[in-house]
Amino acid sequence: MVPAYAELHCVSNYSFLRGASDPEELVERAARLGYAALAITDECSVAGVVRAHLAAKKAGIRLLVGTEVSLACGLRLVLLARDLAGYETLCGLITAARRAAPKGSYRLTRCGFATPVTGIVALWRPGAGEGPEGGEWVGATFPGMAWIAAELHKGAHDGHELARLRELGIATGLPLVACGDVHMHARGRKRLQDVLTAIRLRTSLAEAGRRLQPNAERYLRPIDRLAKIYPPELLFESLEVASRCTFSLDEIRYEYPDELVPPGETPASHLGKLTAEGLARRYPAGPPGSVVATVRHELRLIAQMGYEPFFLTVHDIVVFARGKGILCQGRGSAANSAVCYCLGITEVDPGRMSVLFERFISKERGEPPDIDVDFEHQRREEVIQYLYAKYGRERAALTAVVITYQPRSAVRDVGKALGLSLDQVDLLAKSLSWWDNPEALRQRIAEAGFDPDSAVLRQVVDLTRQLVGFPRHLSQHPGGFVIDNRNLSRLVPVENATMPGRTVIQWDKDDLDAMGLLKVDVLGLGMLSCIRRALDLVNGYRGSRLSMADIPAEDPAVYAMAQKADTLGVFQIESRAQMAMLPRLKPACFYDLVIEVAIVRPGPIMGKMVHPYLRRREGKEPVSYPSPAVRSVLERTLGVSIFQEQVMQLAVVAAGFTPGEADSLRRAMAAWRRRGGIEPFREKLVGGMLARGYALAYAEQIYQQIQGFGEYGFPESHAASFALLVYVSCWLKCHEPAAFACALLNSQPLGFYNPSQIVQDAQRHGVEVRPVCVLASEVESTLVPGRWAAGHSARVGDGFRV
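Every value quoted in this text rests on a predicted model; they were computed, and no experiment measured them.

All right, on to the overall build of the protein chain then. Helix and strand content of the protein chain: 33 helices and 17 strands. Relative to the globule expectation of 28 Å for 802 residues, the C-alpha radius of gyration of the protein chain, 30 Å, shows essentially globular dimensions. The dimensions of the protein chain, computed from C-alpha atoms along their principal axes, are 95 × 70 × 65 Å. Considering only contacts in the protein chain between residues 6 or more positions apart, those separated by 24 or more positions represent 75%. Working note: accessible area of the protein chain is about 32,400 Å², and carbon and sulfur atoms make up 53% of it. Distance from the positive charge centre (93 side chains) to the negative charge centre (88 side chains) of the protein chain: 3 Å.

Below you can see the structure in the form of structure tokens.
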């Protein structure tokens, strides 16, 4: 009888430049092979375990969470979490090791282990010639939970190695267990694994020599093959070890920070109080009944989901920024809400844009709402350091971003590993833009002077295709903070970022969404710096107290200026593509600006939605809907998909997707170029629409739109927040051109235009611009009394020569 087996030592490609398979590939193959369990044990990391966890639940296989580490003394261990306490200890060990070393490395000593360690299984991996001393320490540190890992790979001396390990077992009292030291899901990845090794060692395959693995046995092997290599008792022992490990990532529980709630209050009562105060402040003459109803509805939803601490956390950050005079503006689906407007998180009046807020929290997804807060880009660091100071490094850290191989970076590394010269690698990388079309690829290679049929070039192309999308390293999110009520390292390890004064967790935003962890985005936006400076200049010169909220809404002069594409320096609509669109779209109200922001994007363009929308808007094409359900989704955009949310809603109403499936589609849309994640949805989408009576051509059109939005589609909620900044910057340019020009100069580098172009544009608008003067100029450009009818002029600061 072939014994069962659990693989206890397996690294994925999140052991960067070592593992040659995705976590999902490893899990799926282990399930197909009938393994009882699979451990993902990336080196001093749990960066890939969330992906493995989701794949294991889908495949129906037990996942063990662990890591492999090499101690400073040379001792090599595999550590597996037995239970929740053990997982927290494991994350703490990884955090201590990563924080003790520069970014990308770690340092762990025996002193880093509290003796005895509980909740963790330890597998000792004795090196060649290593004596029993290390095993004795392991046995004492992990009493009753230590084994010797027997890792055999059909080498010439497997018999001698097994005998040596048995002797060490007798000397230390530790039992042996079979392990695979797996680096790839299938042996066909051996060539790629060799290339990864050469890249990591910064050498070529020819020079790597014995540093490469001697054969292709470090893959997930069939159990009957393992039975021919290991004694049965070692295979059965793997099941015994796996049975000790009952931990699942489903057990971890995130806790919102609670210190923002005053004594005697609950999160719900405190949020309600702050919202009521903000409502009175926003509407001194009394709020409209529709806004009051919206606030009550949103507060009920927030209470049902238990998200009050989330909103209180964001409110606290905004209060700090405003107290320091830092202009900020919230965006994201929840930021465009009445509650956020009352809390001062956003300046978008819900009475003005109520059509956008019907879905601001999704009970179906069960995820925290999305609130991104933009701060002045030159002062965002103050906000970041406030969060670190308030919550401490133990409770707050930035989200990770997984940097993956792109075609050009992949071909450079593969080419160097295969021995191409630097000149050849550079020429090849510069000649190639896409790897999707084989014929175009051959032509590009030939045009670059290479023989596309040569053995080396064929290997370069094949290995590059495999490498594209592989994780290269962890970077830091631009501003996505994770904050916990207790030590953050109990949930996920924290490591040093390259930038001084920053720490980063090992999970990215997709992992956080899957595990239900709170992320608050603290982002930098240059236009906010410009708007704040313009308002300060106007108020300082006129003695007024103008704020963003005071700028009059729906000013015809502002829209008239935008329709003429007179938008140099204006937020978002200053590019040549946007300027070309403005006279055609002719924005005449705020929602037109929302569409303008979103329509000049790869999503609508690649989905071929721009021209149909414009023709319908101009009355040149009838507005039609294939069904009432589709009309409910697309009526506000004349039957055309402009926003990312609309594509998701069409999948629900037209193809029968559940809300959960639509959310999976959203994630796949964001990652399809990297992981090819949309194709599995094609059959369900097209088939579902055909079954509901939609034409095949329309179904294919929707699928094409999804691919376009996968490249880059703009959410309606973000477009609304950006549209407000578009309107404010347009109003300032229209009515305060001198102040706006000074603010643009003082916020450089910013936007598409250099200081000379900004000054010339201001002069065309009747602004007297005085040059730099050693006696009169300040460091920044300022407003000064003018000689012309405008009443004031712009004095260029001595930081510019125009």
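With that settled, consider the nonpolar core. Counting 117 residues, the largest nonpolar core has L77, L79, Y87, F113, F311 and W507 as the members making the most contacts within it. Ranked by residue count, the leading element in this core is helix 12 (residues 308-323), at eight residues. In terms of nonpolar packing, the next biggest core, distinct from the first, is built from 73 residues, L327, L614, V767 and A794 among them.

Here F714 is to be found in the loop between helix 30 (696-712) and helix 31 (716-735). For the pair F714 and I642, spaced 72 residues apart in sequence, the C-alpha to C-alpha distance is 8.1 Å.

Spatially, the seven strands line up as an open sheet ordered 1-2-3-4-5-6-7, and their pairing is mixed. Of all the strands in the sheet, just strand 1 (6-7) and strand 7 (176-179) have a single pairing partner and so form its edges. Against the sheet, helix 4 (residues 133-141) makes contact with strand 4 (76-81), strand 5 (120-124) and strand 6 (146-151), and its axis sits at roughly 175° relative to strand 5, the strand it touches most.

Across the nine residues of strand 10 (residues 396-404), seven count as buried, placing the element largely inside the fold. Sheet analysis places strand 10 next to strand 11 (residues 471-483), joined by eight bridges and oriented antiparallel. Bridged to L398 within strand 11 is F481.

This part is about the pairing of strand 2 (residues 37-40). Side chains A37 and A39 of strand 2 all project onto a buried face; the interleaved residues L38 and I40 project onto the opposite face, where all are buried too. In this view, the connection linking strand 1 to its parallel neighbour strand 2 by way of helix 1 (residues 23-32) has right-handed handedness. Sheet analysis places strand 2 next to strand 3 (residues 62-70), joined by four bridges and oriented parallel. Across the sheet, the residue bridging to L38 is L63, located in strand 3.

All right, on to the side chain of H185 then. As for its position among the elements, H185 is in the loop between strand 7 and helix 6 (190-201). Residue class for H185 comes out buried when judged on its relative accessible area of 13%. A polar side-chain atom of H185 sits 2.7 Å from a polar atom in the side chain of S21. With sequence-adjacent residues up to four places away left out, H185 is seen in contact with S21, E25, L26, R29, Y219 and L220.

With that settled, the discussion passes to helix 23 (residues 590-599). Most of helix 23 is tucked away: 10 of the 10 residues are buried. Among all positions in helix 23, only F590, Y591, D592, L593, V594, I595, E596, V597, A598 and I599 are buried.

It is worth spelling out the pattern of salt bridges at this point. Under the defined criterion, the tally for this structure stands at 38 salt bridges. Several salt bridges converge on common partners, so that one network encompasses R125, E151, D181 and R218.

All right, on to the packing of helix 21 (residues 556-563) against helix 31 then. Viewed as axis vectors pointing N to C, helix 21 and helix 31 meet at an angle of 95°, and their least axial separation amounts to 9 Å. Relative to helix 31, helix 21 is oriented roughly perpendicular. Within the contact between the two elements, helix 21 uses A557, V558, Y559 and M561 and helix 31 uses Y727, C730, W731, K733, C734 and H735. A per-class count over the contact of helix 21 with helix 31 returns eight nonpolar, one polar and one charged.

What follows concerns the environment of E24. Along the chain, E24 turns up in helix 1. A C-alpha to C-alpha distance of 9.6 Å links E24 and V49, two positions 25 residues apart in sequence. Sequence-distant contacts of E24, that is, excluding residues within four places in its chain, are made with R51 and A55.

Mapped onto the fold, R221 is located in the loop between helix 7 (205-208) and helix 8 (223-227). Sequence-distant contacts of R221, defined by excluding residues within four places in its chain, comprise L33, Y35, L152, H153, G180, L226, I229 and Y230.

With that settled, consider the confidence of the model for the protein chain. Considering every residue of the protein chain, the mean pLDDT works out to 86; 90% of them sit at 70 or more. Within the protein chain, the element-level pLDDT minimum falls on helix 28 (residues 659-675), averaging 62, and the maximum on strand 2, averaging 98. In the predicted structure, residues 354-359 sits below a pLDDT of 50 and forms 13 contacts with residues beyond four places in sequence or in another chain.

Another aspect to go through is the packing of aromatic side chains. Evaluated as defined, the whole model comprises 15 aromatic pairs. A ring pair is formed by F320 and Y386, whose centres lie 4.0 Å apart and whose planes are at 5°; its orientation type is stacked. Placement of the pair is F320 in helix 12 and Y386 in helix 14 (residues 380-391), with a sequence separation of 66 residues. Take F320 and Y386: they sit in the same class, and that class is buried. Taking 6.0 Å as the distance between ring centres and 25° as the angle between the ring planes, the aromatic pair formed by Y694 and Y698 counts as stacked. A relative accessible area of 10% places Y694 in the buried class. The class for Y698 is buried, based on a relative accessible area of 17%. In textbook terms, an aromatic cluster arises when at least three aromatic residues are bridged by ring pairs, as seen for F113, W137 and F142. Here the basic side chain of K390 rests over the ring of Y391, its NZ or CZ set 6.0 Å away from the ring centre. The ring of Y388 carries R393 above its face, with NZ or CZ at 3.7 Å from the centroid.

The subject of this paragraph is unusual backbone geometry. Cis rather than trans, the peptide bond between T115 and P116 has omega equal to -10°. With respect to the helices and strands, the residue P116 is situated in the loop between helix 3 (84-99) and strand 5. At the junction of Q748 and P749, the peptide bond is cis and its omega measures out at 0° in the coordinates. Positive phi, normally seen in glycine, also occurs at D181, with a value near 45°. Along the chain, the position of D181 falls in the loop between strand 7 and helix 6. You can call D181 buried: its relative accessible area is 6%. A positive phi angle is found at L638, which is not glycine, with a value near 60°. You can see L638 is positioned in the loop between helix 26 (628-634) and helix 27 (644-655). Here L638 falls in the partly exposed class, since its relative accessible area comes to 23%.

So, how was this worked out
Residues numbered from 1 in each chain as written. Predicted model: local features only at pLDDT ≥ 70, side-chain atom pairs only at ≥ 80, totals over all residues. Heavy atoms only, no water. Helix = DSSP H or I, 4+ residues; strand = E, 2+ residues; numbered from the N terminus. Rg over C-alpha atoms; globule rule 2.2 N^0.38 Å. Contact = heavy atoms within 4.5 Å. Areas by Shrake-Rupley, 256 points an atom, 1.4 Å probe, with all protein chains shown as cover. Lys, Arg positive; Asp, Glu negative; His and termini not counted. Charge placed at Lys NZ, Arg CZ, Asp CG, Glu CD. Core = buried A, V, L, I, M, F, W, Y, C linked by side-chain atoms within 4.5 Å. Buried < 20%, exposed > 50% of the residue type's maximum accessible area, 1.4 Å probe, protein only. Pairing = 2+ DSSP bridges. Axes fitted to C-alpha atoms, helices over the stretch in contact; angles between N-to-C directions. Right-handed = clockwise from strand over helix to strand, strands pointing away. Polar contact = N/O pair within 3.5 Å; in protein donor to acceptor, adjacent residues only side chain to side chain. Salt bridge = Lys/Arg side-chain N within 4 Å of Asp/Glu carboxyl O. Parallel < 35°, antiparallel > 145°, perpendicular 65-115°, else oblique. Nonpolar A, V, L, I, M, F, W, Y, C, P; charged D, E, K, R; others polar. pLDDT = per-residue confidence, 0-100. Phe/Tyr/Trp six-rings, centres within 6.5 Å; stacked < 30°, edge-to-face > 60°. Lys NZ or Arg CZ within 6 Å of the ring centre and 35° of its normal.

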